[in-house]
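# A closer look at the structure
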Amino acid sequence: MARIGRPGLSDEQKREVWRRWRDGQSLSEIGRALGKVPGSIHGVVAANGGFVPAARTRSAGVLSLAEREEISRGLAAADSFRAIAGRLGRAPSTVSREVGRHGGREKYRAARADEGAWGNARRPKSCLLQQSPALRDTVAGKLKEDWSPRQIAGWLARTFAPEDGMYVSHETIYKSLFIQARGVLKKELVSHLRRRRTMRRSKNASTAGQQRGCIRDAVSIRERPAEAEDRAVPGHWEGDRATRSCTNLSGLADWRGS
């Protein structure tokens, strides 16, 4: 069945979106550069609250794609887990868990296993506000009193000792507000921020040079040709007609008032 709707952005396009967002470009500018509507760009940026995601990297301890391909070849040759692990320099239990997690000896495929492991690594990481209900409630209470995240972070650092665990940066508070998928702070608390934004903007963002609310390629009335003063062509006297109409209406109102 054909897919209905606009096609989404590829991983490469998403990386380009975040690069341009980090440089301070607006949603419209990014959309024009990628040939996408601003709404598509907004969906990508808003999902992460405007915070540029950290580049994904593989942990040194996980199996690489090349190692998974070696496991697949060993399984095809009916080698034991111990023999495969010996060639990889890994523990036999590591190979055994890897194969069991991704279909067993009969269904194990290196590319599919690597893709699945890479996808599972996207699990959300808990933040300080999730780990400490007391800290979360304190931050939420101060936000309701219209304190800024920076004020809250400074007050916590001055009021509590480090061993109390009542410390959080203002950036973490902003992330918990703007990234609702975290499920930490209620969305209603965003209305208590002094700036009515729903996303974090880049420090390089600026509206300078952007023609917002302007007519593109507009021509000033001061640049009209001299023949317009002669009113010899239909259309040249439309402004005069509008002026006379306003004058006539004004006179009519005066007459009715009298």
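### Observations concerning the overall build of the protein
In terms of helices and strands, the protein carries 13 helices and zero strands. Counted from the first residue to the last, the protein has its helices and strands arranged as α-α-α-α-α-α-α-α-α-α-α-α-α. Looking at the protein as a whole, 27% of its 258 residues are labelled buried.

### Regarding the environment of isoleucine 71
Relative to the assigned elements, isoleucine 71 resides in helix H4 (residues 65–76). In this structure isoleucine 71 comes out as buried when scored by relative accessible area, which is 0%. Separated by 28 residues in sequence, isoleucine 71 and valine 99 place their C-alpha atoms 8.3 Å apart. Apart from the residues lying within four places of it in its own chain, the contact partners of isoleucine 71 are Leu63, Ile84, Leu88, Val95, Glu98, Val99 and Tyr108.

### Re unusual backbone geometry
You will see that alanine 78, though not glycine, has its phi angle at about 65 degrees, which is positive. For alanine 78, a relative accessible area of 62% gives the class exposed. A positive phi is found at aspartate 146, a non-glycine position, where the angle reads about 70 degrees. With respect to the secondary-structure elements, aspartate 146 resides in the loop between helix H10 (133–144) and helix H11 (149–159).

### Notes on the nonpolar core
Membership of the largest hydrophobic core comes to 21 residues, with the highest contact counts inside it found for Leu129, Val139, Leu143, Ile173, Leu177 and Leu185. Broken down by secondary-structure element, the contributors of at least two residues to this core are H10, H11 and helix H12 (170–178). If you look at the next biggest cluster of nonpolar residues, it comprises 11 residues, including Trp18, Trp21, Leu34 and Val44.

### Things to note about the confidence of the model for the protein
Here the protein averages 78 in pLDDT, and 75% of its residues register 70 or above. Per-residue pLDDT, averaged within each element of the protein, yields its smallest value for helix H13 (residues 238–257) (50) and its largest for helix H5 (residues 81–88) (94). In the predicted structure, residues 1–5 sits below a pLDDT of 50 and forms zero contacts with residues beyond four places in sequence or in another chain. In this model, residues 242–246 is a region of pLDDT below 50 whose contacts with residues beyond four sequence positions or in other chains number zero contacts.

### Re the packing of helix H2 (residues 27–34) against helix H3 (residues 38–47)
Between H2 and H3, the least distance of the axes is 8 Å, while the angle of their chain directions is 115 degrees. With respect to their mutual orientation, H2 and H3 come out roughly perpendicular. Handedness of the crossing formed by H2 with H3: right-handed. Seen from H2, the contacting residues are Leu27, Ser28, Ile30, Gly31 and Leu34; seen from H3, they are Pro38, Ile41, His42 and Val45. Taken together, the residues that form the contact of H2 with H3 break down as six nonpolar, three polar and no charged.

### What to know about the environment of phenylalanine 178
Relative to the assigned elements, phenylalanine 178 resides in helix H12. Given the relative accessible area of 8%, phenylalanine 178 is considered buried. Along the primary structure phenylalanine 178 and glycine 50 are separated by 128 residues, whereas in three dimensions their C-alpha atoms are 7.8 Å apart.

### Examining helix H6 (residues 92–101)
Of all the positions in H6, only Val95, Glu98 and Val99 are classed as buried. Buried residues in H6, looked at end-on, bunch into an arc of 95 degrees, giving them a common side. Among the exposed residues of H6, those oriented more than 90 degrees off its buried face are Gly100 and Arg101. For H6, the secondary structure elements touched by its buried residues are H4, H5, helix H7 (104–107) and helix H8 (110–120). With its phi angle positive at about 105 degrees, glycine 103 sits one or two positions after the end of H6.

### Some remarks on the pattern of salt bridges
In total, this model carries 12 salt bridges according to the counting rule given. One salt bridge in this structure joins glutamate 16 and arginine 19, with 2.7 Å as the shortest N-O distance. Of the two residues, glutamate 16 and arginine 19 both sit in helix H1 (residues 11–22), three residues apart, roughly one turn of that helix. Through salt bridges with shared partners, one network takes in Glu16, Arg19, Arg20 and Asp23.

Cut-off values and rules
- Residues numbered from 1 in each chain as written.
- Predicted model: local features only at pLDDT ≥ 70, side-chain atom pairs only at ≥ 80, totals over all residues.
- Heavy atoms only, no water.
- Helix = DSSP H or I, 4+ residues; strand = E, 2+ residues; numbered from the N terminus.
- Buried < 20%, exposed > 50% of the residue type's maximum accessible area, 1.4 Å probe, protein only.
- Contact = heavy atoms within 4.5 Å.
- Core = buried A, V, L, I, M, F, W, Y, C linked by side-chain atoms within 4.5 Å.
- pLDDT = per-residue confidence, 0-100.
- Axes fitted to C-alpha atoms, helices over the stretch in contact; angles between N-to-C directions.
- Parallel < 35°, antiparallel > 145°, perpendicular 65-115°, else oblique.
- Left-handed = near helix turned anticlockwise from the far one by under 90°.
- Nonpolar A, V, L, I, M, F, W, Y, C, P; charged D, E, K, R; others polar.
- Arc of directions from axis to C-beta.
- Salt bridge = Lys/Arg side-chain N within 4 Å of Asp/Glu carboxyl O.

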